[in-house]
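Commentary on secondary and tertiary structure
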Amino acid sequence: MTRRARAASAAASRRRLRTWSRPDRQVVALSVVLGTAAVAFNGVPLLLNGMPSPGEFGTPAWLLPLLVMFCLTEGFAIHVRVRRGGHAISITEIPMVIALAVLNPLLVVLARTIGGTAGLAVLRRQRGQKLAFNIALISLQATLAVALYGALTQPDRGLTGPREWLAAYAAMLAADLLAIILITAVISLHDDPSEWRRLPSAMRGLLLVLVATSVALISAIAVQNNPAAIAILAVLYGVVHVGYRTYVQQNQGNEQVENLYDFTSALDSSLNTGQLVCLIVGQVRDELRASSVELMLPPSGTEPARSVRLSGQGEMQETLTHEPAAAGWWAPATAGEPVLLAADAARADGPVDGMAVPVPVGDGLTAVLLVTDSLPDTPTFTADHLRLLQAMANHASVALANARLVDRLRQEAVEKEHLALHDPLTGLPNRRHLYRLLDTALAPHPHGTHTAILMMDLDRFKEINDALGHDIGDALLREVGQRLRHQLDSRGCVARLGGDEFAILLEVASPEDALAVGQELVRNVERPVHLDHLTLHPRASVGIAMAPEHGSESGTLLRCADVAMYAAKQARAGVRIYRATDDRNTPQRLALIGDLRDAIDRHETLVAFQPKVDPATGAVVGAEALSRWNHPEQGFIEPDLFVPLAEHSGLIRPLTLHVLDVALRNCADWHKAGRRMHVAVNLSPNTLLDDTLTDVIKRVLAEHGVPASALTLEITESTLMADPDRSLVTLDGLRRLGVKISVDDFGTGYSSLGRLRDLPIDEVKIDKSFVQNAADDHRDQALVRSTVDLGHALGLRVVAEGVEDEETYAFLAHAGCDVVQGYYFSKPLSADEFTAWLNSTTSPHELRMVAIPQ
């Protein structure tokens, strides 16, 4: 056989295997086996012994009545539901026992088969596979009953004694047990493989077999004595049939209520929307005894329309589409009206029968629950079925609305967590996330590897922002972030620290490997960038620090990488690994950081207050709280030196909290003394990005009993403008609290006036570089006047700092400045000195007289 022929043969074998693996084909095969077995058991004796003589057929007069009884008892069976399966319970035991007593075994099998077939086809209207299976089943049942009864009794004894009675019981129980097992097998093959687990509950029907057999024995004995007794027995059979049918229907009604309760209980469990949809369609399909159920969810926002369909074979099919579903027979359900589609033999396409009900799912949206094609034991869907479906849909509606709300809250929580840890512009991890990753990476790692942190900065990025605008600058940052992420792939993590600074965290085998990665990233970043009609040629500098060579703490490594990056920028080297010589003041700086940490812990840093004056009245309206540090050995340390140290070493938060606490405590004392003044506190860039800042300030305000409106937080212009989107969340929270926001050093940055307009601020503070010469320099005067006019036009208070003489003070008052401060009034004073200074100042005139120019 050639290779092609073998392949064709194998393909044909696989097709045949797939064909016979289909459930309907397996049911057909089982029916053929049963029918063959019945024919074989009855046909082989005929072939061996020949046809019985006429005298051996029993009492032929009973043949026609028994055919009618078999037809009626099989045609008016009582259907007992077992989940999706259905077991038909009939009292065919009555004619069967009589037939065993009065007919030849072959006639018993023929009468049972012919009469039962008539009942199934004519009265119950079965067709196709189901009819074929049931004919084979009842024929095999009769064959088994006849064989077992004949084996346990003597020929021609009728039902004369206990032995015959017990044989009848055994024959009927065996025949019905065979039927229960085979029906369970068919349901398992065709519909639900788990049906075998419900076999014990189906066997409870054997109790009815005992009752029916007892009635049959009594009837057979009575008929043998007096054939006219059959009329009385017919009445008894009818009453028993009707009574038991009523009992079964009532029992199934109670079971339906229990199932509905179980359904609602299952809906109350913690499920997401997807799990809940699967539960709903599964429970509705089983309870309504439908071939298929479909739940169609409408589109919501960016979510597409979703359709989940469960077929009779248990296949779950989900469809997502952005197109609206085509209207069908169920269209009224979308408008809130239930639909009942009764069975119609003349329908050419679509379902044989079906139901559709609306399912509100919240937010004004309505889903549709479709139930189509009732199972064979349910002739068609009725109004009762529709009411049950509506009840289940009502419960499903509440559960789905709650699940969608929970899903939405979970999604929002995930999104907020993502926003808290990622840069909104580039989608990269932010500084906070990088610290977490770096802390994890600095844990003990395999020998021979090093944790490297690469700090990248774009050269002359400020010039791009100034010349081309922030939109182009933002687009460039996004492109750089994307290039870094793609180039690095899975070798490490890329983060954006703010502005044009990026950090790369990775594991390397040696410093040379880290240097090679840095050079690779620089080459990739410095490829031309095409933005609209512009072509930019970015340049980058990278500094590298490695653990444990350069430090074992996150803050130390980042600082070393930052030092190396600035060294690379100054040397135009592109990439540089940290060297101790690049950080010239490292020993002194580290020692100073340690001293600063001790000073903050012991509250040895001081808070000084500089008055803020209303130039229109000369009244003191507030004070700015400033941090001061007198080193025990080095004396007074300039704020411009120790504040950056605090920022880079992670000490800025406790330092800021100390200043805030002292400032608000003194503000509370001023209020108690009758001076309704406000106090201003400076915030560093890192503090503004602290997501707990609002809660901390709220707590400190409450501790000192100071209204939020009495606190002004001063933030440098460069901090706001470098990344206003990330600052906006914190600023909004502070504004809602009632705290005033001031932009410090206004005019020295590169503000976008559009963004300044949209930021939640209350005042701008003109930098002292524009104020100190304003009395003499017409250019500074123009800048001050335009700033005052701009601030007032935007509804902002305007503050000027650096006032050192009478002429400048007079000019600012004439220009309309709202608040001024400077050495003309007082240098920064300690809390006690400031209070004494306030008490000595009783009028605007006296204020100007006691001013201490410095």
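Everything discussed here concerns the structure shown above.
My aim in this report is to walk through the structure given alongside it, one point at a time. Since the model is a prediction, treat every value here as computed from it, not as a measurement.

**A look at the nonpolar core**
If you look at the biggest cluster of nonpolar residues, it comprises 62 residues, and the most contacted ones within it are F609 and L711. Counting residues per element, this core draws most heavily on helix α21 (residues 652-672), which supplies eight residues. L711 has contacts with L660, L664, V679, V681, I697, L701, V739 and K740, leaving out every residue within four places of it along the chain. Grouped together as the second largest cluster of nonpolar side chains are 36 residues, M69, V108, A175 and A220 included.

**Comments concerning the sheet that holds strand β9 (residues 450-458)**
Taken in spatial order, the five strands make up an open sheet running β10-β11-β9-β14-β15, and their pairing is mixed. Every other strand in the sheet has two partners, leaving β10 (492-498) and β15 (575-577) as the edge strands with one partner each. Direction aside, the axes of adjacent strands within the sheet are offset by 20° on average. Looking at chain direction, β10 and strand β11 (residues 501-508) are connected through six bridges and run antiparallel. Bridge pairing in β11 links V494 to I504. Each of β9, β10 and β11 touches helix α16 (residues 470-488); the most contacted strand, β10, lies at about 160° to it. In the packing of helix α18 (residues 554-571) onto the sheet, contacts are made with β9, β11, β14 (540-547) and β15, and the angle to β14 comes to roughly 145°.

**Focus on the pairing of strand β23 (residues 797-801)**
Counting buried positions over the five residues of β23 gives four, a clear majority of the element. The pairing of strand β22 (residues 763-766) with β23 spans four bridges and is parallel. Bridging across to β23, K765 finds its partner in V799. This β-α-β element, β23 to helix α29 (residues 806-815) to strand β24 (residues 819-821), shows right-handed connectivity.

**Focus: a negative patch on the surface**
On the surface, D595, D598, D601 and E633 cluster together into a negatively charged patch. Looking at the secondary structure, you find D598 in helix α19 (residues 586-601).

**Describing α21**
In this model α21 runs 30 Å from its N-terminal to its C-terminal C-alpha over 21 residues, within 8% of the 30 Å that 1.5 Å per residue would give. Where α21 terminates, the next one or two residues include G674, which has phi positive at roughly 95°.

**Remarks on the pattern of salt bridges**
Scanning all chains against the criterion turns up 17 salt bridges. A salt bridge links E520 to R491, with the shortest nitrogen-to-oxygen separation between them at 2.8 Å. You can see E520 sitting in helix α17 (residues 511-525) and its partner R491 sitting in the loop between α16 and β10, a full 29 residues away along the chain. Residue D762 pairs with R735 through a salt bridge whose shortest N-O separation is 3.9 Å. Taken together, the residues span a long stretch of sequence, with D762 in the loop between α26 (753-758) and β22 and R735 in helix α25 (residues 724-737) at a distance of 27 residues. Among the residues examined, D762 registers a relative accessible area of 15% and is labelled buried.

**Describing the environment of L794**
Checked against the element boundaries, L794 lands in the loop between α28 (778-793) and β23. You can call L794 partly exposed: its relative accessible area is 35%. In this structure, the C-alpha to C-alpha distance between L794 and E763, residues 31 residues apart in sequence, is 9.6 Å.

**With respect to the packing of helix α11 (residues 273-288) against helix α13 (residues 383-421)**
Close contact between α11 and α13 brings their axes to 10 Å; oriented N to C, the two are set at 170°. Of the possible angle classes, the one that applies to α11 and α13 is roughly antiparallel. For the pair α11 and α13, the contacting residues are T273, L276, V277, I280, Q283, V284, E287 and L288 in the first and H385, L388, L389, M392, A396, A399, L400, A403, R404 and D407 in the second.

**With respect to the environment of L279**
One can find L279 in helix α11. Residue L279 is classed as buried on the basis of its relative accessible area, which comes to 19%. Expressed as a C-alpha distance, the spacing of L279 and A396, which sit 117 residues apart in the sequence, is 9.7 Å.

**Digging into the packing of aromatic side chains**
Any aromatic ring pair is given by two values, namely how distant the centres are and how the planes are angled relative to each other. By the definition in use, this model includes eight aromatic pairs. Taken together, a centroid distance of 5.4 Å and an interplanar angle of 75° make the contact between F609 and W670 edge-to-face. Taken together, the residues span a long stretch of sequence, with F609 in strand β16 (residues 606-613) and W670 in helix α21 at a distance of 61 residues. Centroid distance F609 to F834: 5.9 Å. Interplanar angle 40°. Geometry classified as tilted. Here the residue F609 occupies a position in strand β16, and F834 occupies one in helix α30 (residues 831-839), the gap between them amounting to 225 residues. Relative accessible area serves as the criterion here: at 0%, F609 is assigned to the buried category.

Rules and cut-offs
Residues numbered from 1 in each chain as written. Predicted model: local features only at pLDDT ≥ 70, side-chain atom pairs only at ≥ 80, totals over all residues. Heavy atoms only, no water. Core = buried A, V, L, I, M, F, W, Y, C linked by side-chain atoms within 4.5 Å. Buried < 20%, exposed > 50% of the residue type's maximum accessible area, 1.4 Å probe, protein only. Helix = DSSP H or I, 4+ residues; strand = E, 2+ residues; numbered from the N terminus. Contact = heavy atoms within 4.5 Å. Pairing = 2+ DSSP bridges. Axes fitted to C-alpha atoms, helices over the stretch in contact; angles between N-to-C directions. Right-handed = clockwise from strand over helix to strand, strands pointing away. Patch = residues over 30% accessible without salt bridge, like charges linked within 9 Å, V, L, I, M, F, W, Y side chains within 5 Å. Areas by Shrake-Rupley, 256 points an atom, 1.4 Å probe, with all protein chains shown as cover. Salt bridge = Lys/Arg side-chain N within 4 Å of Asp/Glu carboxyl O. Lys, Arg positive; Asp, Glu negative; His and termini not counted. Charge placed at Lys NZ, Arg CZ, Asp CG, Glu CD. Expected span 1.5 Å × (residues − 1). Parallel < 35°, antiparallel > 145°, perpendicular 65-115°, else oblique. Phe/Tyr/Trp six-rings, centres within 6.5 Å; stacked < 30°, edge-to-face > 60°.

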